[in-house]
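The primary structure of each chain is shown beneath.
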Amino acid sequence: MTLPDPGDPRPGPGFESGPGSDADLGSGAGPGPDTGPHTGPHTGPHAGPGAGPHAGPGFGFGGGPGPGGPLRAGVGPYGARRLSPRVLLIDPIRLLPSLLLPLAGVLIAGGFSPTSFGWAAVGVAGSAVYAVIRWATFTYHLTEDRLELTRAFIGRSAKTIPLERIRGIDITEPPLHRLLGLAVLKIDTGAGGSEQEGTLDAVTMEQARVLRTALLARRPVPPPPEQAAGTAGTGQEAAGQGVAAPGVTAVAGPEPVARVLARVPRRWLTYGPLSGAYLLTPFALAAGAVGLVFQWGEELGLTERSARQALEWVWAHPYLLIAVAALLVTAMPIAGAVAYAIFNWDFTLRARDGYLVAERGLITRRTVSLERRRIRGYEMTEALLERWAGVARLWAVVTGLGDSATRGQLLPVTPKAFASKVAGEAVVPFATPLRPHPSRALRRRLVRAVVPWLLVAVVAFALDWAVVGVVALGLAVLGVPLGLDRYRSLGHAYDGARLSVRSGSLRRGQAVVERRAVVGWTMRQTVFQRMAGLITVTAGVGAGSGGYPAIDTGETQGVGFAHEVTPDWIRPFLSDLS
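This is a predicted model, so every value here is computed, not measured. (Residues numbered from 1 in each chain as written. Predicted model: local features only at pLDDT ≥ 70, side-chain atom pairs only at ≥ 80, totals over all residues. Heavy atoms only, no water.)

Inspection of the entire model under this criterion finds two aromatic pairs. Seen from their ring centres, Trp268 and Phe418 are 5.0 Å apart, and the 70° between their planes marks the pair as edge-to-face. One end of the pair, Trp268, is in the loop between β7 (258–263) and α6 (276–279); the other, Phe418, is in helix α12 (residues 416–426), and 150 residues separate them in sequence. A residue is classified by how much of its surface remains accessible, and Trp268, at 13% relative accessible area, is buried. (Phe/Tyr/Trp six-rings, centres within 6.5 Å; stacked < 30°, edge-to-face > 60°. Helix = DSSP H or I, 4+ residues; strand = E, 2+ residues; numbered from the N terminus. Buried < 20%, exposed > 50% of the residue type's maximum accessible area, 1.4 Å probe, protein only.)

So this is what it looks like as structure tokens:
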């Protein structure tokens, strides 16, 4: 199928020509000049060059960028489009936090006079006008090989994103957007960092889904089947063979079928408090409240003197301070469970058209798409409390993925057996048992966990710091089971196609990575490791965290592991040593 050049003013086969045509993608500037009757071969109601009453330059997208109406893509490029005008209802609300302090300052400085209220109204109106200008001067244009984002306000800036560079698509629905049927579409190109390279804020949910399909398919989306109704038989036969006959719009294929790989039951959300990060939610909220008080202190009439008096009063009532601390500690599991549930509500993992699609969230709904051919393995992590409960979390190891700690998550906290099953279906199965590390690694784990605290205790008792010495001794005693557990967590394996390494105690992680993802090896020995005959071998990977170490292996064992995975790389070094 030949697609028209976006710079060519002539209409191409299968496109309505002229502003305001019936095949318009929900946009248009109204009817254009009438240049005469139908001039091209007419095989259907809207087929052929000039097949409409308003012939003129264009591709059926109207005479200019249209707003975010119903998006019906043809076989050719999209026209330049604007975001949904409904975003203008959201922008003033989003601007309120930044306008609050300046407006309050204007009102206070003016003594709440009618003039001050007038200036405040001018400021609000100016912000609204600015939002309208920003909306009107931003357009996006999807061609057959790239997405163009253009802003022409005072100066003109344009960003071009080749479709072949797109690694994933995020669709987020914040509360206000969901209320208006809008979404934020973010494009990740693997350029690095946590910020996506392109953002469309906001488009309708229908547009977001169509754009996601088009961007991930590396091509514009064909029209819906009903749009091609009434085509001639010869054109239908050509379309069935994958070739569009002149004057015929190609028929779209069926919607990609999504297979549900995992749906997290809501009862499993009770595992949320087992994660240490969510347990700190009450303290984070308290710190945020204190920060707001300091930020708005002057507007609330608080002075340095009043703040000092408040601190003195709290210090004079220690029991109140202890009660507040106890309340925060008591609220830890409850607040942690609530925060975890809001973030991971109805977590669903699907396989769709060569992508893994994870969807979650209660207040803000988020959908993340990961290209399966760029997934190189997975990483399963377990915090200490999670291990006792037999649960784990699952992440994908993906090449060229920005913000992989959030975007690469395949499962929140779920039973470990369930996570292993999903990892095998979504990525790759791995059942090879891990090889234990030598007993010298056990002695090193114990020394590292116990000896530092013993030294602290000795110094503390020598300086007559009895309390510090007792605490250090207690930590040294706790270091014994910690060292034993760290040793039991060590292991590595290779099944001929994938390698796996595991380590950690307070946060144990096991990574499974495909052999083809390994780009190099790092072998490191500290002075103490050389004395013990141990070595740490790290597989360099162009995905995930960038490297996965097999910690404290035996010297022969570690080198043999690297040689087993990539023999051609290691053999020359072994020859030099021999």
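The next thing to look at is the nonpolar core. Counting residues in each nonpolar core, the largest one holds 30 residues, and the members touching the most others are Leu349, Leu356, Tyr378, Leu394, Leu410 and Leu411. Excluding anything up to four places from it in sequence, Tyr378 contacts Leu394, Trp395, Ala396, Val397, Ala423, Val427, Val428, Phe430, Gln510, Ala511 and Val512. Within the second largest apolar cluster, 29 residues are counted, among which are Phe138, Leu147, Leu163 and Ala208. (Core = buried A, V, L, I, M, F, W, Y, C linked by side-chain atoms within 4.5 Å. Contact = heavy atoms within 4.5 Å.)

Before going further, it helps to examine the environment of Phe573. Assignment of secondary structure puts Phe573 in helix α17 (residues 567–577). Expressed as a C-alpha distance, the spacing of Phe573 and His563, which sit ten residues apart in the sequence, is 9.9 Å.

With that out of the way, let us pick up the sheet that holds strand β11 (residues 375–383). Taken in spatial order, the six strands of this open sheet run β13-β12-β11-β16-β15-β14, and their pairing is antiparallel. Each edge of the open sheet is held by one strand with a lone partner, namely β13 (409–415) and β14 (491–494). Pairs of neighbouring strands in the sheet enclose a mean axial angle of 15°, with direction left out of account. (Pairing = 2+ DSSP bridges. Axes fitted to C-alpha atoms, helices over the stretch in contact; angles between N-to-C directions.)

Low pLDDT means the predicted atomic positions in that stretch should not be read closely. Confidence in the prediction for the protein chain averages 76 pLDDT; 74% of positions are at 70 or higher. Below pLDDT 50 for its whole length, residues 1–64 participates in 127 contacts with residues either more than four positions away or in separate chains. Of the regions scoring below 50 in pLDDT, residues 68–77 engages in 51 contacts with residues more than four places distant in sequence or in other chains. (pLDDT = per-residue confidence, 0-100.)

With that settled, consider helix α2 (residues 114–136). With 23 residues, α2 ought to run about 33 Å at 1.5 Å a step, and its terminal C-alpha atoms sit 33 Å apart, in line with that. Within the span of α2, buried status applies to Ser116, Ala120, Ser127, Ala131 and Trp135. (Expected span 1.5 Å × (residues − 1).)

Looking now at helix α16 (residues 555–565). All of the buried residues along α16 are Gly558, Phe561, Ala562 and Val565. Buried residues of α16 fall within an arc of 90° about the axis and therefore sit on the same side. (Arc of directions from axis to C-beta.)

A few words now on the pattern of salt bridges. Scanning the entire structure with this criterion turns up 20 salt bridges. Between Glu359 and Arg350 there is a salt bridge, with the nearest N and O atoms lying 3.3 Å from each other. Since its relative accessible area comes to 21%, Glu359 is described here as partly exposed. For Arg350, a relative accessible area of 17% gives the class buried. (Salt bridge = Lys/Arg side-chain N within 4 Å of Asp/Glu carboxyl O.)

Pairing of strand β18 (residues 534–541) with strand β19 (residues 547–554), which is carried by six bridges, proceeds in the antiparallel orientation. Looking across to β19, one finds that Leu534 is bridged to Gly554. What sits between β18 and β19 in their antiparallel hairpin is a turn of five residues, with Gly544 showing a positive phi close to 60°.

Let us look at the side chain of Arg393. With respect to the helices, strands and loops of the structure, Arg393 is situated in strand β12 (residues 391–398). Arg393 gets classed as buried once you look at its relative accessible area, which sits at 15%. Only 3.4 Å separates the side chain of Arg393 from the side chain of Glu386, close enough to count as a polar contact. Dropping the residues within four chain positions of it, Arg393 is found in contact with Ser275, Glu379, Met380, Thr381, Ala383, Glu386, Leu411, Pro412 and Val413. (Polar contact = N/O pair within 3.5 Å; in protein donor to acceptor, adjacent residues only side chain to side chain.)

Bringing the side chain of Thr381 into the picture now. Within the secondary structure, Thr381 is located in strand β11. If sequence neighbours within four positions are ignored, Thr381 has contacts with Glu386, Ala392, Arg393, Trp395, Arg507, Arg508 and Gly509.

With that settled, consider the sheet that holds strand β1 (residues 138–142). Spatial strand order, β1-β2-β3: three strands in an open sheet with antiparallel pairing. For this open sheet the edge positions go to β1 and β3 (156–162), each flanked by a neighbour on one side alone. If you compare each strand with its neighbour and ignore which way they point, the axes differ by 15° on average. Pairing of β1 with strand β2 (residues 146–152) involves five bridges; the strand directions are antiparallel. Note that in β2 the partner of Phe138 across the bridge is Arg151. This element, helix α4 (residues 205–216), spans β1 and β2 of the sheet and lies at about 45° to β1.

Here we come to the packing of helix α13 (residues 439–462) against helix α14 (residues 466–489). Where α13 contacts α14, the two axes come as close as 7 Å, and the packing angle between them is 175°. Relative to α14, α13 is oriented roughly antiparallel. Of the residues belonging to the contact of α13 with α14, the class tally is 21 nonpolar, four polar and two charged. (Parallel < 35°, antiparallel > 145°, perpendicular 65-115°, else oblique. Nonpolar A, V, L, I, M, F, W, Y, C, P; charged D, E, K, R; others polar.)

A few words on the pairing of strand β4 (residues 168–173). Of all six residues making up β4, six are buried, and the element is well covered by its neighbours. On β4, burial covers both faces: Gly168, Asp170 and Thr172 on one face and Ile169, Ile171 and Glu173 on the other are all buried. With four bridges connecting them, β4 and strand β10 (residues 365–371) associate as antiparallel partners. Paired with Ile171 across the bridge in β10 is Thr367.

Attention now moves to a nonpolar patch on the surface. A grouping of Trp453, Val456, Val459, Leu463, Trp465, Val467, Val468, Val471, Leu475 and Leu478 is seen on the molecular surface, where their side chains present a nonpolar patch of about 930 Å² in accessible area. Within the residue set of the nonpolar patch, elements represented by two or more residues are α13 and α14. Per-element tally for the nonpolar patch: the top contributor is α14, with five residues. Its place among the elements puts Val467 in helix α14. (Patch = residues over 30% accessible without salt bridge, like charges linked within 9 Å, V, L, I, M, F, W, Y side chains within 5 Å. Areas by Shrake-Rupley, 256 points an atom, 1.4 Å probe, with all protein chains shown as cover.)

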